[in-house]
Protein chains: 2
Amino acid sequence: MRSTGDLTASALIRDAAMRLFADRGTAAVSVRDIAAEAGVSPSLVIHHYGSKDALKDAVDQHVMQFFGDMIAEFVDASAADLGAAANSSTLAARLGDGPFLRYLRRLLVDGGPAAERLFRSLYDMSREMVRRYEQAGVFKPSSDEGARAAVLLVNDLGVILLRDQISAVVGVDPLGPDGLVRWSQAVLDLYANGLMTSPGDDRAND
Amino acid sequence: MRSTGDLTASALIRDAAMRLFADRGTAAVSVRDIAAEAGVSPSLVIHHYGSKDALKDAVDQHVMQFFGDMIAEFVDASAADLGAAANSSTLAARLGDGPFLRYLRRLLVDGGPAAERLFRSLYDMSREMVRRYEQAGVFKPSSDEGARAAVLLVNDLGVILLRDQISAVVGVDPLGPDGLVRWSQAVLDLYANGLMTSPGDDRAND
DNA sequence: CGCCCGGCTGAACGAGTGTGCAATAATCGG
DNA sequence: CCGATTATTGCACACTCGTTCAGCCGGGCG
């Protein structure tokens, strides 16, 4: 019942479930697995959350709360100073190696109402960002702000979703300390200069 | 045993498994579900593939073959004419609404050796594309071709991974007939012109 | 015709699943 | 200290899982 530094049992269970769900997917994790990971009995898991589905809902809500707070904080900070906090680097660094990003991946791919609400929040944030930057003259005006915001959002989320693949194949974790600067530079170069020699050219991408 | 128009039973089972795996994830699909979807008995599934894991391997291999062929064809076509076939639009349109893209999503997120091989193929394709375009003078030279190729690849795959979320929130399927042109225009505009007013400016993204 | 043989099925088994329940251990107010 | 409330557990039940196996059924071949 105490809310001190060490976690309560139900929080322990929730965090264990979050880790396992993120790594293996919800269906591949049993209540007994969660109990073992949390160091408690399977009965306690049910006693605290009622059912496995309810536990999943609690984990979803917890993750949503986390990202909701992060988004709000980020929007506020960028309202005060458009340039300072407004880059993905600090965001990603702050997220650290916690299980939140890995859970976010499952959440977005598995879908569901919670995922849709979260994605809507992120998209709204992206739109607001684009609007501010365009108004401030940092971004060129766009004929399709919605699409531009979506493309930028997909760019950021794509790194999170494909992090493991990129790490394995490219050889550098794009969200690690070293890979992050390399990735940011490539993205910044793209955003600042584009990549084609003749502006307004015909189509060409991979 | 025949390879005519209507599929053989084992191919029927494989396709049913691919659909269900893509939609719900491997662990959430039972052999009985697959059998029902394919219209056969559960025993026949095991009889043809030995086990559920082996069936999943067969599905993986089938999908890998499909994308391998597509990649090879795409590289060949773009070698002949750099501009004509070298856009994602035709690729996505050719993939259509088949289950391959949905399965690709699960494959990339669940990881595993097959996914890593596929991602490596895609990354190699992206690198080769970037190299050709830079050499042809279509792309500006880059200080980090690897990172540039990775960013472009993530951009394309991100749309596939987040397709459902984008459809639900933005309101347009980015791989549908109408959404594709809107999405392509936004991406093309980004690639051609960048989005910041002062090239080489300081950091700014969402 | 009889035979057999590969595709296919239904029933069954053991293991593992989520969950309910009674009993035990811990904690706290009096 | 004691009673009570809460946290926690072991056990059991019903069910589903993947998988096995004996047998059915239709068609090609002697």
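Above this text is the structure in question.
Residues numbered from 1 in each chain as written. Chains lettered and ligands numbered in written order. Predicted model: local features only at pLDDT ≥ 70, side-chain atom pairs only at ≥ 80, totals over all residues. Heavy atoms only, no water.

**Let's talk about the pattern of salt bridges**
Phase 1: Under the counting rule described, the total for this entry stands at 28 salt bridges over all chains.
Phase 2: The salt bridge partner of A:Arg24 is A:Asp33, with a shortest N-O separation of 3.5 Å. (Salt bridge = Lys/Arg side-chain N within 4 Å of Asp/Glu carboxyl O.)

**Re the packing of helix α8 (residues 145-161) of chain A against helix α8 (residues 145-161) of chain B**
Phase 1: Close contact between α8(A) and α8(B) brings their axes to 8 Å; oriented N to C, the two are set at 95 degrees. On the basis of the axis angle, α8(A) is roughly perpendicular to α8(B). Judged by residue contacts, A:Val151, A:Val154, A:Asn155, A:Gly158, A:Val159 and A:Leu161 of α8(A) engage B:Val151, B:Val154, B:Asn155, B:Gly158, B:Val159 and B:Leu161 from α8(B).
Phase 2: Here the residues of the contact of α8(A) with α8(B) are counted per class, giving eight nonpolar, four polar and no charged. (Axes fitted to C-alpha atoms, helices over the stretch in contact; angles between N-to-C directions. Helix = DSSP H or I, 4+ residues; strand = E, 2+ residues; numbered from the N terminus. Parallel < 35°, antiparallel > 145°, perpendicular 65-115°, else oblique. Contact = heavy atoms within 4.5 Å. Nonpolar A, V, L, I, M, F, W, Y, C, P; charged D, E, K, R; others polar.)

**With respect to the protein's contact with DNA strand D**
Phase 1: Among the 17 residues in the neighbourhood of DNA strand D, the closest are listed as A:Ser41, A:Ser43, B:Val31, B:Arg32 and B:Lys52.
Phase 2: Take the atoms of DNA strand D that sit within 4 Å of the protein: sugar and phosphate atoms are 44% of them.
Phase 3: One of the backbone N or O atoms of A:Ser41 is found 2.9 Å from a phosphate oxygen in DNA strand D.
Phase 4: In the model, a base oxygen of DNA strand D is placed 2.5 Å from a nitrogen or oxygen of the A:Ser43 side chain.
Phase 5: Only α3 (42-49) of chain A together with α2 (31-38) and α3 (42-49) of chain B provide two or more residues apiece to the surface near DNA strand D.
Phase 6: Partitioning the surface near DNA strand D into residue classes produces seven nonpolar, seven polar and three charged. (Near = heavy atom within 4 Å. Polar contact = N/O pair within 3.5 Å; in protein donor to acceptor, adjacent residues only side chain to side chain.)

**Points about the layout of surface pockets**
Phase 1: Approximately 300 Å³ is the volume found for the largest pocket.
Phase 2: Lining the largest pocket are 17 residues, and of these A:Arg24, A:Gly25, A:Arg106, B:Gly25 and B:Thr26 lie nearest its centre.
Phase 3: Only α1 (9-24) and α6 (99-110) of chain A together with α6 (99-110) of chain B provide two or more residues apiece to the lining of the largest pocket.
Phase 4: Split by residue class, the lining of the largest pocket holds four nonpolar, four polar and nine charged. (1 Å grid on protein atoms, 1.4 Å probe; cavity = no way out; pocket = protein on both sides within 12 Å on 5 of 7 lines; lining within 4 Å. Points joined across faces, edges and corners; volume = space filled by probe spheres on them.)

Function-wise, these values are silent; they only describe arrangement.
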